[in-house]
Amino acid sequence: MTLSADARSILEHVAQATEPVAMSSFFHTIHPPTFDDSAPEDEPAREAWRERQIGLFGAMVELYEADMVKVVHPANGERPDLVVATDAGRSALA
């Protein structure tokens, strides 16, 4: 299976983690904001960044559906699912 660039980046971060992690914790690392915090909501750079963030959620789903990550601590209302890379996920990165 060919991974999207975003899915590959998330998977790389998950695989490098020393403990289960929330995939969304890497979103700002993968696509950091490129606008000033005071930029208005309709600032083109803010809107583009928001779309990239939404795309990362799609990449998370892609990894779940391909069994490249495994939930080891389900979401509990205070934090999201915590995951680890599976053997298939690690193989995909090789």
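For the structure itself, look to the data block above.
These figures come from a predicted structure and were not determined experimentally.

## Re the pattern of salt bridges
For the structure shown, the criterion picks out two salt bridges. Residue R46 is joined to E41 by a salt bridge in which the shortest nitrogen-to-oxygen separation is 4.0 Å. Among the residues examined, R46 registers a relative accessible area of 11% and is labelled buried. The partner of R50 in a salt bridge is E41, and the shortest N-O contact between them spans 2.9 Å. Residue R50 is classed as partly exposed on the basis of its relative accessible area, which comes to 30%. Classification of E41 by relative accessible area gives exposed; the value is 54%.

## Re the packing of aromatic side chains
The final tally for this structure, using the stated rule, is two aromatic pairs. Arranged with centres 4.8 Å apart and planes meeting at 80 degrees, the rings of F27 and F57 form a pair that is edge-to-face. Of the two residues, F27 is situated in helix α2 (residues 27–30) and F57 in helix α3 (residues 44–65); the sequence distance between them amounts to 30 residues. The exposure class assigned to F57 is partly exposed, which follows from its relative accessible area of 45%.

The rules behind the values
Residues numbered from 1 in each chain as written. Predicted model: local features only at pLDDT ≥ 70, side-chain atom pairs only at ≥ 80, totals over all residues. Heavy atoms only, no water. Salt bridge = Lys/Arg side-chain N within 4 Å of Asp/Glu carboxyl O. Buried < 20%, exposed > 50% of the residue type's maximum accessible area, 1.4 Å probe, protein only. Phe/Tyr/Trp six-rings, centres within 6.5 Å; stacked < 30°, edge-to-face > 60°. Helix = DSSP H or I, 4+ residues; strand = E, 2+ residues; numbered from the N terminus.

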